[in-house]
Amino acid sequence: MRIHCPFCGERDEHEFSYGGDATRLRPDESNTDQTRWSAYVFLRDNPRGWHQEYWQHVHGCRAWICVTRNTMSHEVRRVCSAQERVKELRAEANQ
C-alpha cells in the first residue's frame with residue numbers, strides 16, 4: 001500500500017504506524033462521565049469498506065495524518081492532516 005503524506009509525498013506503508021479510528025471525537029478532558037470515556041477507549045468497530053484512520057509517518061516527518069482507505073482492497077481515497085480531520089469532527093459535532 002502506498003500513502004501520500006501531505007508533507008513528504010507518496011511513501012510506502014512501512015514508513016507509517018497505524019494510530020486508530022479517525023471517525024470518533026475524543027471527549028473533552030473536563031468530561032468525567034465514565035460511560036462515555038469507557039465507550040471511547042474500549043468500544044471499537046471493525047468496518048468493512050471505506051474507513052478513516054489516523055496514521056503517523058514515523059520514518060519520515062513524524063506528522064499525524066488521516067487516511068481514508070478501503071479496508072478490503074487497501075485503496076486510499078483521501079489523505080489530510082490529523083488537525084484538519086479533528087476540525088471536521090468538531091464541526092460535525094456542533095451541527
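All residue numbers refer to positions counted from 1 along the written sequence of the respective chain. Local features in this predicted model are restricted to residues whose pLDDT is 70 or higher, and side-chain atom pairs enter the listing and the counts only when it is 80 or higher, whereas totals over whole chains, interfaces and linings include all residues. Note: side-chain values were computed over all heavy atoms of the structure, leaving out hydrogens and water.

1. What about the overall build of the protein?
So, point 1. By definition, any uninterrupted DSSP run of H or I lasting at least four residues is a helix, any uninterrupted run of E lasting at least two residues is a strand, and each is numbered from the N terminus. A count of helical and extended segments in the protein gives 2 helices and 6 strands.
So, point 2. Along the first, second and third principal axes, the C-alpha set of the protein runs to 40 × 25 × 25 Å.
So, point 3. Partly exposed describes any residue whose relative accessible area lies between the buried limit of under 20% and the exposed limit of over 50%, with all areas from a 1.4 Å probe on protein chains only and scaled to the type maximum. In the protein, which comprises 95 residues, the proportion classed as buried is 31%.
So, point 4. Between two residues, a contact is recorded if the distance between any of their heavy atoms is within 4.5 Å. Partitioning the intrachain contacts of the protein with sequence separation of at least 6 by distance along the chain shows that 47% fall at a separation of at least 24.
So, point 5. In the protein, which carries 14 positive and 14 negative side-chain charges, the distance between the mean positions of the two groups comes to 1 Å. The convention is simple: Lys and Arg are positive, Asp and Glu are negative, and His and the chain ends are not counted. All charge positions are set by atom: Lys at NZ, Arg at CZ, Asp at CG, Glu at CD.

2. Concerning the pattern of salt bridges
So, point 1. The term salt bridge refers to a side-chain nitrogen of Lys or Arg lying within 4 Å of a carboxyl oxygen of Asp or Glu. Within this structure, the stated rule accounts for 8 salt bridges.
So, point 2. The shortest N-O distance in the salt bridge between Arg2 and Glu10 comes to 3.2 Å.
So, point 3. In this structure Arg2 comes out as partly exposed when scored by relative accessible area, which is 45%.
So, point 4. The class of Glu10 is partly exposed, set by a relative accessible area of 45%.

3. Let's talk about the sheet that holds strand β4 (residues 50-56)
So, point 1. DSSP-based pairing: two strands are paired if at least 2 bridges between them are found. The strand order β3-β4-β5-β6 describes an open sheet built from 4 strands, whose pairing is antiparallel. Either end of the sheet is taken by a strand with one partner, and the two such strands are β3 (17-21) and β6 (76-81). On average, each strand axis in the sheet is inclined to that of its neighbour by 30°, with strand direction left out of account.
So, point 2. For helices, the fitted axis covers only the stretch in contact; all axes are lines through C-alpha atoms, and the angles between them, taken along N-to-C directions, range from 0 to 180 degrees. Across the face of the sheet, helix α2 (residues 82-93) comes into contact with β4, β5 (64-70) and β6 while running at roughly 95° to β6.

4. Observations regarding the environment of Tyr40
So, point 1. Relative to the elements of secondary structure, Tyr40 occurs in helix α1 (residues 34-42).
So, point 2. Among the residues examined, Tyr40 registers a relative accessible area of 23% and is labelled partly exposed.
So, point 3. When residues no more than four places from it in sequence are discounted, the contact partners of Tyr40 are Arg24, Leu25, Arg26 and Pro27.

5. Comments concerning the side chain of His57
So, point 1. Considering the arrangement of structural elements, one finds His57 in the loop between β4 and β5.
So, point 2. On the accessibility criterion, His57 (1% relative accessible area) is buried.
So, point 3. Ignoring any residue separated from it by four or fewer positions in sequence, one finds His57 in contact with Cys5, Cys8, Arg11, Glu15, Phe16, Arg62 and Ala63.

6. A few points about α2
So, point 1. Helix span, expected: 1.5 Å multiplied by one less than the number of residues in the helix. With 12 residues, α2 extends 16 Å from end C-alpha to end C-alpha; this agrees with the ideal 16 Å at 1.5 Å per step.
So, point 2. Within the sequence span of α2, burial applies to Ala82, Arg85 and Leu89. Buried residues of α2, viewed axially, fall in a sector of 60°; they line one side. What points out from α2, more than 90 degrees from its buried face, is the exposed set Gln83, Lys87 and Arg90. Taken from the helix axis, the directions to the C-beta atoms give the arc we talk about.

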